Amino acid sequence: MNSPNGNSSGSARIQNSGSDDPLLDQRKQKRMLSNRESARRSRMRKQKHVDDLMAQINRHKVDNKEIITTLKLTSQQFVQVEAENYILRAQIGELSQRLNSLDEIISFMNYGGTSNSICMSNGKSGMIEVDFGQYEFFNNQGGNMMYMNQQPIMHGFC
C-alpha cells in the first residue's frame, strides 16, 4: 500500500488527482472552504457559550453578595430580638413574683388580717415575715384595700 515515495496510496492518489482532474480540485477546494467555515462557526458558538457562562457566573456572584448581606442583616436582627426576648422573659418572671406577693397581701388583708404582719413566700426557698404595722399607708387605710386597688402599679423592681 505504500508508494515508492513513502506516502500511503490514498494520499498519493489525492496528490496525483489534484493535477489530473480540475473538477476534483474544485470540489476539494469547495469542501475545504466549507470545512473552514463550519469550524469557524463552531468556534464562534463555543465562544458565545463561554461568554454566556461567564455572564451567568457574574450574575451569580452578585446574587450571592446580596444574599450574604441580607443574611448578615437578618442575623443581627435575630440577635437583637433574642436579647430583647431574654430581657422580657426575665421581667415576666419578676413581675409574676411581684403579682403573687401582692395577691397574697390582698388575700390576707381581705380575709382575716387581724394582725399587722403576715408570712409569705420569698419566691426562693423559704418564708419571710412582712410587718405592715410599720407602714403608715396600711395603718391609715384601716384595712380597706379599695384604696390600694385604685393606685396604678408603677414600673420598677423591688
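Computed from a predicted model, the values in this text were never measured in an experiment.

Side note on the overall build of the protein chain
A tally of regular secondary structure across the protein chain gives 4 helices and 2 strands. Helices and strands appear in the protein chain in the N-to-C order α-α-β-β-α-α. For the protein chain, the residues scored as buried account for 8% of the 158 residues in total. Contacts in the protein chain between residues at least 24 apart in sequence constitute 27% of all its contacts with a sequence separation of at least 6. Split by element, the accessible area of the protein chain, about 13600 Å² in all, is 56% carbon and sulfur.

Some details on the confidence of the model for the protein chain
Chain-level statistics for the protein chain give a pLDDT mean of 76 and a share of 58% at 70 or above. Least confident of the elements in the protein chain is helix α4 (residues 146-150), whose mean pLDDT is 46; most confident is helix α2 (residues 22-110), at 95. Here residues 140-158 scores under 50 on pLDDT; set against residues more than four positions off or in separate chains, the count is 20 contacts.

Quick word on the pattern of salt bridges
Opposite charge on two side chains permits them to pair, given that their charged atoms come into close proximity. Scanning all chains against the criterion turns up 3 salt bridges. Two residues, R40 and E37, come together in a salt bridge whose shortest N-O distance is 2.2 Å. Of this pair, R40 and E37 both sit in helix α2, 3 residues apart, which is roughly one turn of the helix. On the basis of relative accessible area, E37 is assigned to the partly exposed category, the value being 31%. Bridged by salt links that share partners, the residues E37, R40 and R41 form one connected network.

Examining a nonpolar patch on the surface
Where nonpolar side chains cluster on the molecular surface, the patch consists of V50, M54 and I57 and spans about 250 Å² of accessible area. Tracing the backbone through its elements, the reader meets V50 in helix α2. Note on V50: relative accessible area 37%, which makes it partly exposed.

Let's talk about α2
In a regular helix each residue adds 1.5 Å, so 89 residues correspond to 132 Å; α2 covers 127 Å between its end C-alpha atoms and thus fits that length. Capping the start of α2, D21 holds a side-chain oxygen 3.2 Å from the backbone nitrogen of L23, two or three residues further along.

Reading the values: rules and limits
Residues numbered from 1 in each chain as written. Predicted model: local features only at pLDDT ≥ 70, side-chain atom pairs only at ≥ 80, totals over all residues. Heavy atoms only, no water. Helix = DSSP H or I, 4+ residues; strand = E, 2+ residues; numbered from the N terminus. Buried < 20%, exposed > 50% of the residue type's maximum accessible area, 1.4 Å probe, protein only. Contact = heavy atoms within 4.5 Å. Areas by Shrake-Rupley, 256 points an atom, 1.4 Å probe, with all protein chains shown as cover. pLDDT = per-residue confidence, 0-100. Salt bridge = Lys/Arg side-chain N within 4 Å of Asp/Glu carboxyl O. Patch = residues over 30% accessible without salt bridge, like charges linked within 9 Å, V, L, I, M, F, W, Y side chains within 5 Å. Expected span 1.5 Å × (residues − 1). Polar contact = N/O pair within 3.5 Å; in protein donor to acceptor, adjacent residues only side chain to side chain.

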